[in-house]
Amino acid sequence: MRTKNVKPFTYGSLYKQDLPVDKIIPLGAGNLINFTIAGPWQNTRPDVAANRITVYKTGVYQITADVSVLLGEEQSAVFNINRQPDGTDPLIGSVFSANGISTVTGVNIQAYLYAGDAIGIFTADIYAPGEKLPRYNRAALTVHLLE
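These notes cover the structure that comes with them. What you see is a predicted model, and the numbers here were worked out from it, not measured in a lab.

Time to look at the pairing of strand E8 (residues 76-82). Of all the seven residues making up E8, six are buried; the element is thus mostly covered by neighbouring parts of the structure. Looking at chain direction, E8 and strand E9 (residues 96-99) are connected through four bridges and run antiparallel. Within E9, the position partnered with Val78 by the bridge is Ser97. Strand direction decides the pairing type here: E8 and strand E11 (residues 118-127), joined by seven bridges, are antiparallel. Paired with Asn82 across the two strands is Gly120, which belongs to E11.

Structure, rendered in structure tokens:
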């Protein structure tokens, strides 16, 4: 088998599973989505503690973000994929929202990332009339370098 010119793949993933059942988390505007599991990765660093994936190679990445949101009547939430944990550097085209009672929402974008960039899913805004905050029980963030 010839491997001389084979380029190593670059990808990474973070997941929040909905198990155990009591791990439904309230959404808070200005926070990153919390992850519980680092999935497969190579040439990246998925960090469950920081809720972000750091890339080690500069290039154009395909990035997919999904959140399973549980909303009350008239509630909504807005998310983006962000380079900064404080939400000050959203990636272009990465804004997505949730409206309705229960929904899975997400976005798939391509973005130029530099080596050392770390991205996460940021909760940009919530609209929550009533006593209960919107909640989420599953989430996924994946990156794949396009070559």
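Residues Ile33, Ile63, Val67, Phe79 and Ile121 are the most contacted members of the largest nonpolar core, which totals 30 residues. Residue assignment for this core shows that the elements contributing at least two residues are strand E6 (52-55), strand E7 (59-70), E8, E9, strand E10 (102-113), E11 and strand E12 (135-145). Leave out the neighbours within four places in its chain, and Ile63 touches Ile81, Leu91, Val107, Asn108, Ile109, Ala111, Leu113, Ile119, Leu141, Thr142 and Val143.

Let us now look at the pairing of E7. Strand direction decides the pairing type here: E7 and E10, joined by twelve bridges, are antiparallel. Bridge assignment links Ile63 to a residue of E10, and that residue is Ile109. Pairing geometry for E7 and E12, over ten bridges, is antiparallel. Residue pairing across strands places Val67 opposite Ala139, the latter belonging to E12.

As a further point, take the packing of aromatic side chains. Overall, the coordinates contain two aromatic pairs when judged by the stated rule. Here Phe79 and Phe96 contribute two aromatic rings whose centre-to-centre distance is 5.3 Å and whose plane-to-plane angle is 25°, an arrangement assigned as stacked. Taken together, the residues span a long stretch of sequence, with Phe79 in strand E8 and Phe96 in strand E9 at a distance of 17 residues. For the pair formed by Phe79 and Phe96, the shared burial category is buried. Ring geometry for Tyr112 against Tyr114: centres 5.1 Å apart, planes inclined by 75°, an arrangement best described as edge-to-face. Residue Tyr112 is classed as partly exposed on the basis of its relative accessible area, which comes to 42%.

Rules used in this analysis
- Residues numbered from 1 in each chain as written.
- Predicted model: local features only at pLDDT ≥ 70, side-chain atom pairs only at ≥ 80, totals over all residues.
- Heavy atoms only, no water.
- Buried < 20%, exposed > 50% of the residue type's maximum accessible area, 1.4 Å probe, protein only.
- Helix = DSSP H or I, 4+ residues; strand = E, 2+ residues; numbered from the N terminus.
- Pairing = 2+ DSSP bridges.
- Core = buried A, V, L, I, M, F, W, Y, C linked by side-chain atoms within 4.5 Å.
- Contact = heavy atoms within 4.5 Å.
- Phe/Tyr/Trp six-rings, centres within 6.5 Å; stacked < 30°, edge-to-face > 60°.

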